[in-house]
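# Structural description and commentary
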Amino acid sequence: MEIFDYDNILLLPRKCRVESRSECDASVELGGRSFRIPVVPANMKTVVDESICAWLAQHGYFYVMHRFDLDNVAFVRRMREQQAFASISLGVKQPDYDTVDKLAAEGLAPEYITIDIAHGHADTVQRMIAHLKKRLPSSFVIAGNVGTPEAVIDLENWGADATKVGIGPGKVCITRMKTGFGTGGWQLSALKWCARVATKPIIADGGIREHGDIAKSIRFGATMVMVGSMLAGHEESPGRTVEVDGKLFKEYYGSASDFNKGEYKHVEGKRILEPVKGRLADTLREMQEDVQSSISYSGGRKLLDIRKVNYVILGGDNAGEHLLM
């Protein structure tokens, strides 16, 4: 198979069929709801908090709340009070089963539940999916993370409504250095590989560094992309603000880092400082405009028209650019 990542690929334009980029529809459907763009902020403590999630829900964006130091039942209840959809994260340990049972007992089925563990192709995930489908059958279940077609097939067969693809490609993830495993460095190829067998939506998680990478993800089979570093570091981001040489930065650290865990044990993440980049709403608006531009370059009017374009692989062992029809 071809091995490449976002930096190695350029999409090829087709004849433009719109008079203005604003005519292009960047929206995407997931779990029966339509969202303005195919982007979801990473469910990390330094990227989202409850107030950001509520704002996203109320303004037409998808979100997934993180699962750390959080009462998920109370969170779902508060989202209901704000007439916003609820999208939570769970692990696979006993407290997570207890949370599911409490939600079911109170009739508080979240619209979306993400089973969020580092290695999602696991018996523990199969058991949690089965429990969710039994206790909260109306919830849309996203499961991950995985990095192989076999894993996507299994998760779909176990009952997942969508899978999250990406093991270690994130900016603050060090899985490949610590373990020797992962999709870091070839995440876009891994996405293409997994999408070939998927019959349900895929969320590409990690490795997104530029807005154009969103379009590349859609081209290779993603329904949506999960973005961490590019959506961290905003004025309202929950990470701690740090001043260095007169410049303001926000903390950004991986969910598997010692900063998040509170101890140095099974660490596969690190902490970095992201320059404060203004307001989240402005970045999301720019992302939408850039995706609209991508659609216009694809010769289409809707997001999935990007799937129809050809691409070139740049550099490396290819010794130039090769058109893949």
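Presented here is an overview of the structure given in this document. (Residues numbered from 1 in each chain as written. Predicted model: local features only at pLDDT ≥ 70, side-chain atom pairs only at ≥ 80, totals over all residues. Heavy atoms only, no water.)

## A look at the packing of aromatic side chains
Test applied: Here the aromatic set is Phe, Tyr and Trp, taking the six-membered ring for Trp, and pairing holds for ring centres within 6.5 Å; pairs whose planes are under 30 degrees apart are stacked, those over 60 apart are edge-to-face, and all others are tilted. Every helix listed is a DSSP run of H or I at least four residues long, and every strand listed is a run of E at least two residues long, numbered separately from the N terminus. Burial classification: accessible surface area is computed with a 1.4 Å probe over protein chains only, and a residue below 20% of its type maximum counts as buried, one above 50% as exposed, and the rest as partly exposed.
Counted by the stated rule, this structure contains 14 aromatic pairs. Judged by centre distance (6.3 Å) and plane angle (80°), the ring pair of Tyr 63 and Phe 75 falls under edge-to-face. One end of the pair, Tyr 63, is in the loop between α1 (50–58) and α2 (72–81); the other, Phe 75, is in helix α2, with 12 residues separating them in the sequence. On the basis of an interplanar angle of 50° and a centroid distance of 5.9 Å, the ring pair of Trp 186 and Trp 193 is categorised as tilted. Residue classification places Trp 193 among the partly exposed positions, given a relative accessible area of 29%. Put simply, the rings of Phe 35, Phe 62, Tyr 63, Phe 75, Phe 85, Tyr 112 and Phe 140 pair up and form one aromatic cluster.

## Focus on the packing of α1 against α2
For clarity, the cut-off: Angles run from 0 to 180 degrees between N-to-C directions of axes, and those axes are lines fitted to C-alpha atoms, restricted for helices to the stretch in contact. Roughly parallel refers to an angle under 35 degrees, roughly antiparallel to one over 145, roughly perpendicular to one between 65 and 115, and oblique to any angle outside these ranges. Rotating anticlockwise by less than a right angle from the far helix to the near helix defines a left-handed crossing, while the corresponding clockwise rotation defines a right-handed one. Should any heavy atoms of two residues lie within 4.5 Å, those residues are counted as being in contact. When residues are sorted by character, Ala, Val, Leu, Ile, Met, Phe, Trp, Tyr, Cys and Pro go into the nonpolar class, Asp, Glu, Lys and Arg into the charged class, and all the rest, Gly among them, into the polar class.
Between α1 and α2, whose axes approach to 11 Å, the crossing angle comes to 40°. Put simply, α1 runs oblique to α2. When you trace α1 past α2, the crossing you get is right-handed. For the pair α1 and α2, contact is made by Glu 50, Cys 53, Ala 54 and Ala 57 and by Phe 75, Arg 78 and Met 79, respectively. Classifying every residue of the contact of α1 with α2 by side-chain character gives five nonpolar, no polar and two charged.

## Considerations on the state of the cysteines
Here is the rule: Working definition: a disulfide is two cysteine sulfur atoms within 2.5 Å of each other.
One pass over the full model with this rule turns up zero disulfides. The thiol of Cys 16 is unpaired, and the distance to the nearest cysteine sulfur, on Cys 24, comes to 6.7 Å. Take Cys 16: its relative accessible area is 41%, and that puts it in the partly exposed class.

## Section: helix α4 (residues 123–135)
Stated formally: Here a helix's expected span is defined as the number of its residues, less one, multiplied by 1.5 Å.
Taking 1.5 Å as the rise per residue, α4 with 13 residues should run 18 Å; its terminal C-alpha atoms sit 18 Å apart, in good agreement. Close packing links the buried residues of α4 with β5 (87–90), α3 (94–105), β6 (112–116), β7 (140–146) and α5 (149–158).

## Notes on the side chain of Ser 298
Condition: Polar contact is defined as a pair of N or O atoms within 3.5 Å, subject to the rule that within protein one atom must be able to donate a hydrogen and the other to accept it, and that residues adjacent in sequence are counted only when both atoms are side-chain atoms.
Among the structural elements, Ser 298 can be located in the loop between α10 (280–297) and β14 (311–313). Within the local environment of Ser 298, its side chain forms a polar contact with the backbone nitrogen of Gly 300, the two atoms lying 3.3 Å apart. Those residues in contact with Ser 298 that lie beyond four places of it in its chain are Arg 14, Asp 305, Ile 306 and Val 309.

## Comments concerning unusual backbone geometry
Cis rather than trans, the peptide bond between Gly 144 and Asn 145 has omega equal to 5°. Of note, Asn 145 is situated in strand β7. At Asp 69, a position not held by glycine, the phi torsion is positive, near 50°. Position of Asp 69 among the secondary structure elements: in the loop between α1 and α2. Positive phi outside glycine occurs at Gln 83, with the angle close to 55°. Relative to the elements of secondary structure, Gln 83 occurs in the loop between α2 and β5. In this structure Gln 83 comes out as exposed when scored by relative accessible area, which is 78%.

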